[in-house]
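Examination of the molecular architecture
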Amino acid sequence: VQLQASGGGLMQAGGSLRLSCAASTRSFNSYYTAWFRQAPGKEREFVAAIKWSGGTTIYADSMKGRSTISRDIAKNTMYLQLDRLKPEDTAIYYCAAGTRIILSNSRNPGAYQDWGQGTQVTVSS
């Protein structure tokens, strides 16, 4: 599966942003897809995941209430809405997809087999 992330940019603190991740596969029915982020000098961090079939969502505790993950099945596209942006949200945001995901490993980047190239989000104070 090829994933293409987009929508990043330079934002001001307090603003909102919607990231998109378009996928090449015909069907994501057996997949979980997720957003991770990586700030300079830090490990890749889980943000949110969504089970494509049924739409079950999982969020990092730090992102609950400020982020919304969603998907458009017809467009094979996943989204991440980020609200009340903070400078600490500055990172490269990656989308990922996997077929061997269950609740217990959904926050582990190693569980996902396909990754997009990332989109930079920079939040200024």
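Residues numbered from 1 in each chain as written. Predicted model: local features only at pLDDT ≥ 70, side-chain atom pairs only at ≥ 80, totals over all residues. Heavy atoms only, no water.

**Comments concerning the nonpolar core**
- Leu19, Trp35, Ile69, Met78, Leu80, Tyr93 and Tyr112 are the most contacted members of the largest nonpolar core, which totals 38 residues.
- Those elements giving two or more residues to this core turn out to be β1 (3-6), β3 (17-23), β4 (32-38), β5 (45-51), β6 (57-59), β8 (77-82), β9 (91-98) and β11 (119-124).
- The residues contacting Tyr93, other than those within four sequence positions of it, are Ala5, Leu19, Trp35, Phe36, Arg37, Val47, Leu80, Leu82, Gly118, Thr119 and Val121. (Core = buried A, V, L, I, M, F, W, Y, C linked by side-chain atoms within 4.5 Å. Buried < 20%, exposed > 50% of the residue type's maximum accessible area, 1.4 Å probe, protein only. Helix = DSSP H or I, 4+ residues; strand = E, 2+ residues; numbered from the N terminus. Contact = heavy atoms within 4.5 Å.)

**Side note on the pairing of strand β7 (residues 67-72)**
- In this structure, β7 lies alongside β8, joined through 6 bridges in antiparallel fashion. When the bridges of β8 are listed, Asp72 appears paired with Thr77.
- The turn joining β7 and β8, which pair antiparallel and follow one another in sequence, is formed by 4 residues; a positive phi near 50° is taken by Asn76. (Pairing = 2+ DSSP bridges.)

**Considering the environment of Arg66**
- Within the secondary structure layout, Arg66 lies in the loop between β6 and β7.
- Relative accessible area serves as the criterion here: at 9%, Arg66 is assigned to the buried category.
- Contacts of Arg66, omitting those with residues within four sequence positions, involve Gln81, Leu82, Asp83, Arg84, Leu85, Lys86 and Asp89.

**A closer look at the pattern of salt bridges**
- Evaluation of the coordinates by the stated rule reveals 4 salt bridges.
- Two residues, Asp89 and Arg37, come together in a salt bridge whose shortest N-O distance is 2.9 Å. Placement of Asp89 in the loop between β8 and β9 and of Arg37 in strand β4 is noted, with a sequence separation of 52 residues between them. Of the two residues examined, Asp89 and Arg37, each falls in the buried class. (Salt bridge = Lys/Arg side-chain N within 4 Å of Asp/Glu carboxyl O.)

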